[in-house]
Amino acid sequence: FTAVAVLSLALGIGANTAIFQLLDAVRLRTLPVKNPQELAEVRITDMTGARGSYSISQPQVTNRVWEQIRDQQQAFSGIFAWSADRFNLATSGEARVVQGLWVSGDTFNLLGVQPILGRVFSPDDDQRGSSPRAVISYSFWQREFGGDASVVGRELMVGGHPVEIVGVAPASFFGLELGRSFDLAVPICAEAIVRGPGARLDSGVTWYLTVMGRLKPGWSLEEASNHVSSISPGIFEATLPPGYPPDSVKDYLAFKLAAFPAGAGTSELREKYSNPLWLLLAIGGLVLLIACANLANLQLARASAREREIAVRLALGASRERLIRQLMAESLLLAAAGAGLGLVLARGLSQFLVSFLSTEGNALFLNLSPDWRVLGFTIALAALTSVLFGLTPALRGTRTDPGSVMKAGGRGLTASRERFSLRRALVVSQIALSLVLLVGALLFSRSLRNLQTQDAGLAQSGILLANTSIERLNIPSERRLGFKQEMLDRIRSIRMVEAAADAWVIPLMGSSWSNAVWMDGSDSTQREETSFNRVSPDYFKTLRIPLLAGRDFDDRDTPTSVRVAVVSETFARRLGSGPNPIGKRFWVETTPSSPETVYEVVGLVRDSKYEDLHDDFLPTAFLAVSQDPRPNTSERILIRSTAPLANLTSSVKATIAEVNPEIGISFQVFETQIQNSLLRERLMATLSGFFGILALLLACIGLYGILSYGVASRTKEIGIRIALGAERNSVVWLVMREALLLALIGVAIGLPAVLAAVRLVESLLYGVKPADPAIISVAVLLMIAVAGLAAYVPARRATKVDPMTALRYE
């Protein structure tokens, strides 16, 4: 009994504590800095109409806007800016990427972060022309330098440029973004040296900096927000980029800044996983309720066995209240043991969940050390569960009439019948709750399967993504296209390579590029927002996207020839260009980097997913890489091959090294990256499935227990039935009928709860209705089948009752 009780509670409490521990780390904890409650983030309230490069989920500002905020604000005693990035520390060949931060000079001082070695940055370090310097994290110091105290003064090669280490941050400081730790921080102005021509300091359309400040004493967050809002018009008028699209100038000048709480840092992780984690906590709570119902049934059974003991105690003068306290103390002891073991299980489970959400090259960082919230939550669960499974059995058990129990045949018959009815009610509640969890598990599993098996319009397996950088080669812009074409041709010449192409936007990887488009000859107000990609010849061949009409890009498409495009079926349909748009032209709106441009359609391809598997097919236009007016220093090459991955990467690295050993390169498996985009769905399907199976198991055990108890208590009756000639099938049906009746009552109670609960998960599903009749039917049938399975052993046991033994039972 003790082993079953403690283990059941440990599983329930451990699972709930693990999920709450993640919620605590993701949602409730503050940054490990001085007085985090004083921190506020300054950002644009609504970026509708913004042009350039920006994140929809995390509004940020340009460097020019940051400098204006820094110079004009009066609400903060200090203000700083930062941006997450990835730095390549390799000097040649395959990239060695680490997590980095660009920070303004006052960042560490304003956060109250003191170095354990050397110093942190000062405003002098964040000046244009200053030599690049770095503050490294404690974990990077231990990992890369073995904790060597002489690390200060050494140099790292960041992006091929020497950067001096000036200090080591304390172990407690992981950065300002939840779920991501940093390896080294570099001043913002050093970007001009580290990134060279690719620096974003003077770009008015690259929104990449997060601005935070520490409120002045006496200033409230609302007052600070009103202040930065009042200075917004002057800031955006002063920073309006030259050449900004006329249609978007009004939107830019209308941007408003506001202040928001920032004591917990920033995080896309928080927005993505908060709701799923709360939902999982609710699911875990239902499992714990089912476990408590099981334990209450066990306690009721024990109370029956202890009737004579309790009756003797009452007869000897013990008060009912004292006996209730004793029984509750036993329940509390079981709950405490279960909570203790649950804490141990929670630690392992929470670490498993973090590793589950981590991907290669993007390890998730969360502080999972228990704090007062986690411990308080666990203690509260222990106290609650002890009441849930202990109080009713204690009250029932102490209502025994000592006189009737002490009689030889009495055995408290009425109380036993009452307890049996209560145990049936507990089993019915278990079945109802289990049905809710089972439907949820099937919905999430079906949703994940729909995402994984849908036709995305392109090949996903057998494709390697090679990210290359020629920045260190300092190739002039006018020669980059030729050099990159030569590199791509060399990769295509590898014997095991079936096809290869480069692209600006790799599909299904979460990035996008869009502009407004209208057909030539139509009113420019009749625009359609269109997704774009710039690709090389063989892109469609590499991803096996069928060409339906026209041609692919080829040698005819040069920087001086007519601008051409290949468009998708949805583009042709929405833009009204008909089933065959070949030869028609469309215009692309003015952008901060280019004027209105006209393109001629030379090809039509089948629709394919663009940014995310969840999206519908979008109107998409593919432009030629060979007509890129501003070739950059990086290239993302998609390589299709059936060769083993290790052999392919080795051959590609060797080929790139033959072209030039200074070319940086890193690899990703295309299919793996797509699957990584489904981590949230996989988390929900996996954990809801685990909880659903656990709930089914507990319900099965509960039903088995009540039926076994019923068979044992009806041994005399069953023996008489058999002695009078009852067939064994009728005895089996006697037990099975009760099981099916309890299951049907549980299902009838559970169905309304299912219909109410599934509405809460609609936003997390894909391609399946929350109240899907097929899924609910499968769950009901499975529930009934489990009930039948739980009843089978007690039913078989009932048929083996010896009538003579049964008649001598009393």
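Colleague: Explain the overall build of the chain here, please?
Modeller: Counting its secondary structure elements, the chain contains 24 helices and 21 strands. Its C-alpha atoms give the chain principal-axis dimensions of roughly 105 × 65 × 50 Å. Relative to its 810 residues, the chain shows a buried fraction of 52%. Residue pairs in contact within the chain that sit at least 24 positions apart in sequence constitute 80% of those at least 6 positions apart. Accessible surface, the chain: about 35,300 Å² in total, of which carbon and sulfur atoms supply 56%. Each charge class in the chain was averaged separately, 79 positive and 73 negative side chains, and the resulting centres sit 12 Å apart.

Colleague: Explain the environment of Gly440 to me, please; I cannot follow it from the model alone.
Modeller: Within the secondary structure, Gly440 sits in helix H14 (residues 413-453). Through-space distance from the C-alpha of Gly440 to that of Ile663 is 50 Å; in sequence the pair is 223 residues apart.

Colleague: Where do I start with the side chain of Asn515 in this structure?
Modeller: By the element assignment, Asn515 lies in strand E13 (residues 514-519). Within the structure, Asn515 has its side chain in polar contact with the side chain of Arg51 (distance 2.9 Å). If we ignore the near neighbours within four places in the chain, the residues touching Asn515 are Arg51, Glu528, Glu529, Thr530, Phe532, Val588, Glu589 and Thr591.

Colleague: I tried to follow the packing of aromatic side chains on my own but got confused; where do I start?
Modeller: Describing an aromatic ring pair means giving the distance of the ring centres and the angle of the ring planes. With the rule as written, the count across this model stands at 21 aromatic pairs. With centroids separated by 5.5 Å and ring planes inclined at 55°, the aromatic side chains of Phe690 and Phe691 adopt a geometry described as tilted. On the basis of relative accessible area, Phe691 is assigned to the buried category, the value being 2%. Here the aromatic cluster, defined as three or more aromatic residues joined through ring pairs, consists of Trp207, Phe236, Tyr244, Tyr252 and Phe255.

Colleague: I'm lost on the confidence of the model for the chain in this one. Help?
Modeller: Atom-level detail of predicted coordinates should not be read off regions where pLDDT is low. Here the chain averages 87 in pLDDT, and 94% of its residues register 70 or above. Below pLDDT 50 for its whole length, residues 408-415 participates in nine contacts with residues either more than four positions away or in separate chains.

Colleague: Got a minute to help me understand the side chain of Arg551 in this structure?
Modeller: Topologically, Arg551 is positioned in the loop between strand E15 (547-550) and strand E16 (564-568). Here the side chain of Arg551 touches Asp554 through a polar contact of 3.3 Å, side chain to side chain. Excluding residues within four positions of it along the chain, Arg551 makes contact with Arg556, Asp557, Val564, Val566, Val602 and Gly603.

Colleague: Explain a nonpolar patch on the surface to me, please; I cannot follow it from the model alone.
Modeller: Taken together, the side chains of Leu7, Leu11, Leu341, Val344 and Leu345 make up a nonpolar region of the molecular surface, amounting to roughly 410 Å² of accessible area. Listing elements by their share of the nonpolar patch, those giving two or more residues are helix H1 (2-28) and helix H11 (320-357). Sorting elements by how many residues they give to the nonpolar patch places H11 first, with three residues. Along the chain, Leu11 falls in helix H1. Using a relative accessible area of 35% as the deciding quantity, one classes Leu11 as partly exposed.

Colleague: It is not clear to me how the nonpolar core should be interpreted in this structure. Could you clarify?
Modeller: As a rule of thumb, soluble globular proteins bury nonpolar side chains together. With 126 residues, the main nonpolar core has Leu366, Val439, Tyr539 and Leu703 as its most contacted residues. Excluding residues within four positions of it along the chain, Leu366 makes contact with Ala25, Val26, Leu178, Gly179, Leu269 and Val354. Ala50, Ala75, Ile136 and Val168 belong to the second largest nonpolar core, which has 50 residues in total.

Colleague: Explain helix H15 (residues 477-492) here, please?
Modeller: A turn of α-helix holds 3.6 residues, and therefore any two residues three or four places apart point the same way. With 16 residues, H15 should reach 22 Å at 1.5 Å per residue; the first-to-last C-alpha distance of 24 Å fits that figure. Within H15 the residues assigned to the buried category are Arg480, Phe483, Lys484, Met487, Leu488 and Ile491. On an axial view of H15, the arc spanned by its buried residues comes to 135°, and they lie on one face. H15 presents Glu478 and Arg479 as exposed residues on the side facing more than 90 degrees away from its buried surface. For H15, the elements touching its buried residues are strand E11 (463-469), strand E12 (499-502), strand E20 (634-640) and helix H18 (645-659).

Colleague: Would you mind going over the packing of helix H10 (residues 307-315) against H11 with me for this structure?
Modeller: Relative orientation and spacing of two packed helices are given, respectively, by the angle between their axes and the distance between those axes. Taken N-terminus to C-terminus, the directions of H10 and H11 make an angle of 140°; their axes are 10 Å apart at the nearest point. Classified by the angle their axes make, H10 and H11 are oblique. Our pair here, H10 against H11, has a crossing hand that is right-handed. Contacts from Glu309, Ile310, Arg313 and Leu314 in H10 reach Arg320, Leu323 and Gln326 in H11. Taken together, the residues of the contact of H10 with H11 sort by class into three nonpolar, one polar and three charged.

Colleague: Whenever I open this one, the sheet that holds E20 confuses me. Can you help?
Modeller: By definition, the strands of a sheet pair up through backbone hydrogen bonds, in either a parallel or an antiparallel sense. One open sheet accounts for four strands, arranged E12-E20-E11-E21; its pairing is antiparallel. The sheet terminates laterally at E12 and strand E21 (664-669), the two strands that pair on one side only. Mean inter-strand twist for the sheet, computed between neighbouring axes without regard to direction, equals 20°. With seven bridges connecting them, E11 and E20 associate as antiparallel partners. When the bridges of E20 are listed, Ser469 appears paired with Ser634.

Colleague: Would you explain unusual backbone geometry in this entry?
Modeller: Where the residue is not glycine, phi is negative for most of them; where a peptide bond is considered, it is trans in most cases. Despite not being glycine, Asn35 shows a phi value in the positive range, around 45°. Considering the arrangement of structural elements, one finds Asn35 in the loop between H1 and strand E1 (39-44). We classify Asn35 as partly exposed; its relative accessible area is 32%. Positive phi outside glycine occurs at Asn474, with the angle close to 55°.

Colleague: Mind showing me how you'd approach the pattern of salt bridges here?
Modeller: Working definition: two side chains of opposite charge can pair if their charged atoms are close together. Throughout the structure, instances matching the rule amount to 36 salt bridges. For Glu191, the salt bridge goes to Arg195, with nearest N and O atoms at 3.6 Å. A salt bridge links Asp554 to Arg556; the shortest N-O distance between them is 2.5 Å. Overall, Asp554 belongs to the partly exposed group, its relative accessible area being 24%. A network of salt bridges, in which partner residues are shared, links Arg51, Asp247, Arg527 and Glu589.

Colleague: Looking at this model, I keep getting lost on H10. Mind explaining?
Modeller: Turning to H10, its buried residues number three or more, namely Glu307, Ile310, Ala311 and Leu314. With its buried residues spanning 100° around the axis, H10 presents them on a single face.

Colleague: How should the pairing of strand E9 (residues 210-215) be read in this particular structure?
Modeller: Each regular strand displays side chains that alternate between the two surfaces of the sheet. Of all six residues making up E9, six are buried, and the element is well covered by its neighbours. Sheet analysis places E1 next to E9, joined by four bridges and oriented antiparallel. Paired with Leu39 across the two strands is Arg214, which belongs to E9. Summarising the sheet, strand E2 (residues 76-88) and E9 pair through six bridges and their orientation is antiparallel. When the bridges of E9 are listed, Ala81 appears paired with Val211.

What counts and how
Residues numbered from 1 in each chain as written. Predicted model: local features only at pLDDT ≥ 70, side-chain atom pairs only at ≥ 80, totals over all residues. Heavy atoms only, no water. Helix = DSSP H or I, 4+ residues; strand = E, 2+ residues; numbered from the N terminus. Buried < 20%, exposed > 50% of the residue type's maximum accessible area, 1.4 Å probe, protein only. Contact = heavy atoms within 4.5 Å. Areas by Shrake-Rupley, 256 points an atom, 1.4 Å probe, with all protein chains shown as cover. Lys, Arg positive; Asp, Glu negative; His and termini not counted. Charge placed at Lys NZ, Arg CZ, Asp CG, Glu CD. Polar contact = N/O pair within 3.5 Å; in protein donor to acceptor, adjacent residues only side chain to side chain. Phe/Tyr/Trp six-rings, centres within 6.5 Å; stacked < 30°, edge-to-face > 60°. pLDDT = per-residue confidence, 0-100. Patch = residues over 30% accessible without salt bridge, like charges linked within 9 Å, V, L, I, M, F, W, Y side chains within 5 Å. Salt bridge = Lys/Arg side-chain N within 4 Å of Asp/Glu carboxyl O. Core = buried A, V, L, I, M, F, W, Y, C linked by side-chain atoms within 4.5 Å. Expected span 1.5 Å × (residues − 1). Arc of directions from axis to C-beta. Axes fitted to C-alpha atoms, helices over the stretch in contact; angles between N-to-C directions. Parallel < 35°, antiparallel > 145°, perpendicular 65-115°, else oblique. Left-handed = near helix turned anticlockwise from the far one by under 90°. Nonpolar A, V, L, I, M, F, W, Y, C, P; charged D, E, K, R; others polar. Pairing = 2+ DSSP bridges.

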